[in-house]
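# Fold and contact review
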Amino acid sequence: MTELNGPAPAVGQEQVAETRRTYDLIASEFARQNSVAAAEVAERLDELAASVPAGSIVADIGCGPGRDVMMLRARGLHVAGIDLSAGQLRASDVPGLVQADMRRLPLQAGAVHGIWCWAALVHLPREALPQALAEFARILRSGGSLSMSIAEGDGEGFEVATPYGSDRRRWFTRYREPELTALLAVAGFSIRNIRGHRAYRDWLSVHATREPAGANGLDAVTTQNAELDGPGFVPAFAAASSAGRAKNWAEPALAYG
Ligand SMILES: C[S@@+](CC[C@H](N)C(=O)[O-])C[C@H]1O[C@@H](n2cnc3c(N)ncnc32)[C@H](O)[C@@H]1O
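A brief look at the structure comes next. It should be emphasised that the depicted structure is a prediction, and the values quoted were computed from it without experimental measurement. (Residues numbered from 1 in each chain as written. Predicted model: local features only at pLDDT ≥ 70, side-chain atom pairs only at ≥ 80, totals over all residues.)

Moving on, we come to the overall build of the protein. Scanning the protein from terminus to terminus reveals eight helices and 10 strands. Residues classed as buried in the protein amount to 46% of the 257 residues present. (Helix = DSSP H or I, 4+ residues; strand = E, 2+ residues; numbered from the N terminus. Buried ≥ 20, exposed ≤ 12 C-beta atoms within 10 Å, placed from the backbone.)

Right, let's get into helix α5 (residues 129–139). Residues spaced three or four apart along an α-helix face the same direction, because each turn holds 3.6 residues. Burial analysis of α5 places nine of its 11 residues in the buried class, which makes it a mostly covered element. Looking only at α5, the buried set comprises L129, Q131, A132, L133, E135, F136, A137, R138 and I139.

Lining the immediate environment of the ligand, one finds 22 residues, of which G62, G64, L84, S85 and A120 sit closest. Elements that contribute at least two residues to the shell around the ligand include exactly α1 (13–33) and α3 (67–73). Sort the elements by how many residues they give to the shell around the ligand and α1 lands first, with four residues. Considered class by class, the residues forming the shell around the ligand number nine nonpolar, seven polar and six charged. (Near = placed C-beta within 6 Å. Nonpolar A, V, L, I, M, F, W, Y, C, P; charged D, E, K, R; others polar.)

On the secondary structure map, S56 appears in the loop between α2 (39–51) and β2 (57–61). Using a count of 20 C-beta atoms within 10 Å as the deciding quantity, one classes S56 as buried. Each C-alpha atom, one on S56 and one on V79, is 8.3 Å from the other, the two residues being 23 residues apart in sequence. If we ignore the near neighbours within four places in the chain, the residues touching S56 are L77, H78, H113 and G114. (Contact = placed C-beta atoms within 7 Å.)

In the structure, α1 departs most strongly from a straight axis at I26, where the bend amounts to approximately 65 degrees. Burial in α1 covers these residues: Q15, V16, T19, R20, T22, Y23, I26, A27, F30 and A31. Where the residues of α1 are buried, they touch α4 (86–90) and β8 (169–173). (Bend = angle between axes of the 7 residues up to and from the residue.)

Summarising burial for β2: five of the five residues are buried, a large majority. With five bridges connecting them, β2 and strand β3 (residues 78–83) associate as parallel partners. Note that in β3 the partner of A59 across the bridge is A80. Taken together, β2, α3 and β3 form a β-α-β motif whose crossover is right-handed. Sheet topology places β2 next to strand β5 (residues 112–117); three bridges connect them, and they run parallel. By the bridge assignment for β5, V58 is matched with G114. (Pairing = 2+ DSSP bridges. Right-handed = clockwise from strand over helix to strand, strands pointing away.)

See below:
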């Protein structure tokens, strides 16, 4: 695992920091309970793989222990996993995972053809979601695909991680479809499809594409983080991009408590 986090983004920092600490502590139990992907995950992974050129570079943002990193690699993609929790990244032996905050990604503008972000944006306070979506738009090349899920509902707040046997808390923010689609549009994404599914709680999953530069004011969005542009596909990700070791995801999934 490589640590590439820059200075902490200020918006929503307390909620994000407490959530990260909780994931550090529940990581092994999280990996055990979520080792097998639900049907909705497999379907969305297939859809993402079919929407980008063969052998494309994809970032799995909020990858946790890397289950979906391996599933995307099995579909012939070059995948870098990114997560804020070092505990989560160390909970498996999946290679090519990098510690970073999704609000400040260590990737050059236009570096990836696709983004997979499953059940992770849910942990950002509502006010921080635009910053993360702007980062996604920045690193995704024009016409690239975003596949994501986020909790469906109203409000936001801390929840105790009881399903993972912990009294520590994680932040959850819930969205209704109109608000989510509006935020994605502002960030420069066109919705291809959106649907709800149930996995312990209600979720919305979305397949969207990044609009060409210039559309919908996207130029302004993508240049605001231009100073972050470093060496592009960072060395750790180059190592990550080939198919990693096989992982035996043997335990049954309980789907995101
Ligand atoms: C519910 S888990 C999902 C893990 C994986 N995507 C999956 O579907 O199994 C949410 C993940 O988001 C990560 N996360 C939360 N806030 C984050 C942030 N600001 N930047 C990057 N990762 C974050 C957590 O550490 C955790 O691993």
